[in-house]
Structures are given as C-alpha cells and as structure tokens.
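Letter by letter, the chains look like this.
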Amino acid sequence: MLQPEDVGQRVVVRRIVGIRAGRPRFSDALGELAELSESHLTLVTAQGRLVVPRAEVHRARRVPPSRRPAAAAVATLEHAADAAWPAPTRAQLGGWLLRSADGWTGRANSALPVGDPDRPLPAAIDAVQRWYADLGRPALINTPLPLAAPVSAELDARGWRGGSPVLVQTAPLAALPAARPDIADVPPVELTAAPSTDWLAVAANRKGDLSAAARHVLTAVPQIRFAQVRVAGRLVAIGRGTVTGADRWLGLSLIEVTPEARRRGLARQVVRALADWGTAAGATKAFLQVEQDNAEAVPLYRALGFTTHHTYRTRTAPVD
C-alpha cells in the first residue's frame with residue numbers, strides 16, 4: 001500500500017469498480033499521486049484528476065517515472081513560456097532567443113538556447129556573451145533539460161555557475177480542482193485586464209522594484225488577466241494568467257497570498273478563477289514555473305494536480 005512519502009510519485013492503483021457474478025471487477029489507473037488521506041487518494045492522470053476512496057483500492061504501488069518529454073514538446077512549451085513573460089529587448093541568434101529586461105527576473109534576462117544557433121556551439125556561447133556585454137548586463141543562459149543538455153555540458157566546461165533547478169509544471173485544466181465549497185467566507189476573485197496599483201505593489205514586494213521594462217514583462221501579452229482578492233478593501237491575494245503559444249497554454253505566475261491571509265484556500269481560488277478564464281479563451285492545459293526548493297509552493301501545486309514536465313537552470317557566466 002502507498003505511504004505518505006509516495007505523494008508526488010508516479011503510481012498505479014488497481015481499484016474495485018463493481019461486482020459481476022459475485023466477483024469483483026477491477027480497473028487500473030496510472031498517474032501522479034497528488035494526495036493521500038485516511039479516506040481517499042487522489043491521482044493526476046492523463047485523463048484528468050481521479051479521486052479513489054480507500055475502500056475501493058485493491059492494490060497500489062509506485063512505478064518508475066515516465067519517459068522524458070520529447071524535444072519538440074519541451075521547445076513548444078518553452079516558446080509559450082517566453083511569450084507569457086516577454087522581455088522588451090530581444091534578438092535572434094539563429095533559433096536561439098536573446099532577452100533583456102534591465103535585470104528584472106532571470107527568465108526575462110537570459111538567452112533561451114532552443115533550436116539551431118546557426119554556428120558551432122562554442123561560437124554561439126561567445127556570441128551570447130558579447131550581446132549581453134554590449135548591453136552592460138551579465139550573460140545568463142537558461143538551459144531547459146534534457147533538451148539543452150549539450151549546452152549545459154559546454155557551460156560546465158567553461159565554469160558557468162548554475163542556479164537552483166526550476167520545475168516547469170503542467171496540468172490539464174479539466175483536472176484542476178474546483179473552488180472549495182467547504183470554505184464559506186472566501187471572498188470572490190476579481191479578474192482585470194490591467195493590474196491595479198496595489199497589485200503591482202504586491203508583485204514588486206516579491207520580485208523587486210518595477211521598472212518600465214518590468215511592467216512590459218508583466219503586461220505586454222495580448223491575452224492576459226490579473227487576479228485579485230480583497231478583504232475589507234485590502235488586497236490579500238494576487239495572480240496572473242496568460243494564454244500563449246500555438247497549443248494555447250494558460251501560463252500561471254505570481255500566485256501570491258499575503259502572510260496573514262494564508263491557509264484559507266485563496267491561492268486555490270485564484271488558480272481556479274484563472275483556469276476558468278483560460279478555458280473560455282481556448283486553453284486546455286496550464287503551466288507554471290517554480291523553484292524546486294520552494295517548500296511552500298511545490299506542495300501546493302502538487303495538490304492542485306501539477307506535475308513536472310521538465311526542468312531548467314539559469315546559468316551565469318563567470319566573472320573575469
């Protein structure tokens with residue numbers, strides 16, 4: 001039987017779905033274990049979220065992780081994520097993207113080595129360093145793995161530093177949980193096409209001062225919504241949703257709840273409201289990016305049904 005340490009792992013569950021001729025009928029479900037309680041377990045499967053009462057579980061066990069995502073799937077999602085977090089200063093190096101936003105966040109100030117740079121790999125990295133040097137900025141490269149493993153190996157050889165791994169997580173919108181009916185006093189989530197002044201203040205408190213470049217990153221997406229929750233007129237929770245990419249991905253970012261308002265289900269409400277908007281805008285899947293060592297956010301997103309699609313690290317050039 002499964003144990004608490006199996007939460008977040010890929011498992012198979014054989015459950016009883018009926019009785020025929022006096023004998024039980026079984027059905028197998030494969031997915032990531034999102035929740036394990038005394039009464040039930042919750043799986044995130046390819047078909048959506050599945051809640052199985054413990055009384056129906058005949059057998060359950062952990063199975064090896066699924067195979068790595070195809071390179072094309074990683075590239076498609078990385079381009080959708082780039083469109084959802086658009087740096088104002090951009091250039092192309094063959095198929096690679098070079099991005100700068102006056103230093104506001106690593107994602108908007110790093111090269112994205114997806115595609116062919118139209119030159120040998122060492123020359124491509126040299127060109128990245130020159131581009132950032134001309135801007136007076138440190139050279140950063142995001143390495144989505146396993147797609148950019150050759151780039152990562154070359155950066156290792158050159159002594160580039162690596163940041164904490166970032167999980168790029170995805171979930172079918174249909175699998176995200178509904179708003180919690182057991183919380184009666186949760187205030188409504190308001191969605192707006194532009195951020196309010198206090199919304200920007202909460203974002204700045206988390207990400208740093210908002211320059212003109214930062215505001216561009218936050219707002220310059222055609223399909224976008226800013227979520228906010230207020231209690232007695234005071235903003236206590238925010239979120240940001242975008243719909244980008246050929247596959248119509250809902251991108252979730254800046255899901256933030258003020259300390260005094262936590263553990264009330266507000267983050268879940270914000271995600272649900274943005275998911276409903278994304279669905280209406282034609283999205284079927286959601287993605288988000290979260291640092292692997294974020295001890296609060298990773299369990300929250302796991303409980304909401306998100307699983308890791310791939311990872312990346314932001315690499316920084318050594319200082320001469």
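Refer to the preceding data block for the structure.
So, here's what we can say about the structure. On a predicted model such as this, the values are computed, not experimentally measured, just so you know. (Residues numbered from 1 in each chain as written. Predicted model: local features only at pLDDT ≥ 70, side-chain atom pairs only at ≥ 80, totals over all residues. Heavy atoms only, no water.)

Some remarks on empty space enclosed by the protein
Any empty space left between atoms is shown by rolling a water-sized probe over those atoms. Here the structure, examined in full by the defined rule, presents two cavities of 30 Å³ or more. The computed volume of the largest cavity comes to approximately 90 Å³. Contributing to the lining of the largest cavity are Glu-78, Ala-81, Asp-82, Trp-85, Arg-99, Arg-107, Ala-108, Leu-112, Asn-142, Gln-289 and Tyr-312. Broken down by element, the residue count for the lining of the largest cavity peaks at three residues, all from helix α1 (residues 71-84). Within the lining of the largest cavity, the residues separate by chemical class into five nonpolar, two polar and four charged. What lines the second largest cavity is Ala-81, Ala-84, Trp-85, Arg-107, Arg-240, Thr-242, Gly-251, Leu-252, Ser-253, Phe-287 and Gln-289. Of all elements in the fold, only α1, β13 (234-244), β14 (249-257) and β15 (285-291) reach the threshold of two or more residues within the lining of the second largest cavity. Among the elements that take part in the lining of the second largest cavity, β14 stands out by supplying three residues, more than any other. Considered class by class, the residues forming the lining of the second largest cavity number five nonpolar, four polar and two charged. (1 Å grid on protein atoms, 1.4 Å probe; cavity = no way out; pocket = protein on both sides within 12 Å on 5 of 7 lines; lining within 4 Å. Points joined across faces, edges and corners; volume = space filled by probe spheres on them. Helix = DSSP H or I, 4+ residues; strand = E, 2+ residues; numbered from the N terminus. Nonpolar A, V, L, I, M, F, W, Y, C, P; charged D, E, K, R; others polar.)

Some words on the environment of Arg-10
Relative to the assigned elements, Arg-10 resides in strand β1 (residues 10-20). Separated by 74 residues in sequence, Arg-10 and Ala-84 place their C-alpha atoms 29 Å apart.

Concerning the pattern of salt bridges
For the structure shown, the criterion picks out twelve salt bridges. Notably, a salt bridge pairs Arg-234 with Glu-260, separated by 2.1 Å at the nearest N-O pair. Residue Arg-234 is located in strand β13, and its partner Glu-260 is located in the loop between β14 and α6 (266-280); the two are separated by 26 residues in the primary sequence. The partner of Asp-276 in a salt bridge is Arg-272, and the shortest N-O contact between them spans 3.0 Å. Taken together, the residues span about one helical turn, with Asp-276 and Arg-272 both in helix α6 at a distance of four residues. The buried category is assigned to Arg-272, whose relative accessible area is 14%. Salt bridges sharing common partners tie together Arg-206, Glu-256, Arg-262 and Glu-296. (Salt bridge = Lys/Arg side-chain N within 4 Å of Asp/Glu carboxyl O. Buried < 20%, exposed > 50% of the residue type's maximum accessible area, 1.4 Å probe, protein only.)

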